Amino acid sequence: MGNTTLRTFLVLGATTVLRHVRKGANGSAWLTGLRNRRPPKVVAVALANKMARIVYAMLTKGTQYRKPKAAA
């Protein structure tokens, strides 16, 4: 379950990303597909989980964020 404050901030950040995507910002294909299949809160938690995994990998490897390449 982890740190409740950190978990809250991750879900809050994911909800903000979803709000921007809903208003017309470009989202990833993964996020768009998930939004079409699942309720908004489930999508926010899934995105928060993905963000947490990315941050953990960056911290353990000591790397900086690299934006994913667009699929051809």
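This text gives an overview of the structure that appears in the document. (Residues numbered from 1 in each chain as written. Predicted model: local features only at pLDDT ≥ 70, side-chain atom pairs only at ≥ 80, totals over all residues. Heavy atoms only, no water.)

1. Some details on the overall build of the protein
And step 1. In terms of helices and strands, the protein carries 3 helices and 0 strands.
And step 2. Across the protein, helices and strands are ordered from the amino to the carboxyl terminus as α-α-α.
And step 3. For the protein, the spread of C-alpha atoms along the principal axes amounts to about 35 × 30 × 20 Å.
And step 4. By the burial criterion, 15% of the 72 residues in the protein qualify as buried. (Helix = DSSP H or I, 4+ residues; strand = E, 2+ residues; numbered from the N terminus. Buried < 20%, exposed > 50% of the residue type's maximum accessible area, 1.4 Å probe, protein only.)

2. Examining the packing of aromatic side chains
And step 1. Applying the stated criterion across every chain, the model contains 0 aromatic pairs.
And step 2. A cation over a ring is seen here: Lys-50 above Trp-30, with NZ or CZ 4.1 Å from the ring centre. (Phe/Tyr/Trp six-rings, centres within 6.5 Å; stacked < 30°, edge-to-face > 60°. Lys NZ or Arg CZ within 6 Å of the ring centre and 35° of its normal.)

3. Quick word on the layout of surface pockets
Space left empty within the atom packing is revealed by a probe, the size of a water molecule, rolled over the atoms.
And step 1. If you add up the space inside the second largest pocket, you get close to 260 Å³.
And step 2. Contributing to the lining of the second largest pocket are 14 residues, with Leu-6, Arg-7, Leu-10, Ala-48 and Ala-52 lying nearest its centre.
And step 3. Taken together, the elements giving at least two residues each to the lining of the second largest pocket come down to helix 1 (4-22) and helix 3 (40-61).
And step 4. At 7 residues, helix 3 tops the list of elements feeding residues into the lining of the second largest pocket.
And step 5. Partitioning the lining of the second largest pocket into residue classes produces 10 nonpolar, 3 polar and 1 charged. (1 Å grid on protein atoms, 1.4 Å probe; cavity = no way out; pocket = protein on both sides within 12 Å on 5 of 7 lines; lining within 4 Å. Points joined across faces, edges and corners; volume = space filled by probe spheres on them. Nonpolar A, V, L, I, M, F, W, Y, C, P; charged D, E, K, R; others polar.)

4. Quick word on the nonpolar core
And step 1. Core analysis: the biggest nonpolar cluster contains 10 residues, these being Leu-10, Ala-14, Leu-18, Val-21, Leu-31, Leu-34, Val-43, Ala-44, Leu-47 and Ala-48.
And step 2. When contributions to this core are tallied by element, the ones reaching two or more residues are helix 1, helix 2 (29-37) and helix 3. (Core = buried A, V, L, I, M, F, W, Y, C linked by side-chain atoms within 4.5 Å.)

Take it as geometry only, folks, not as evidence of what the structure does.
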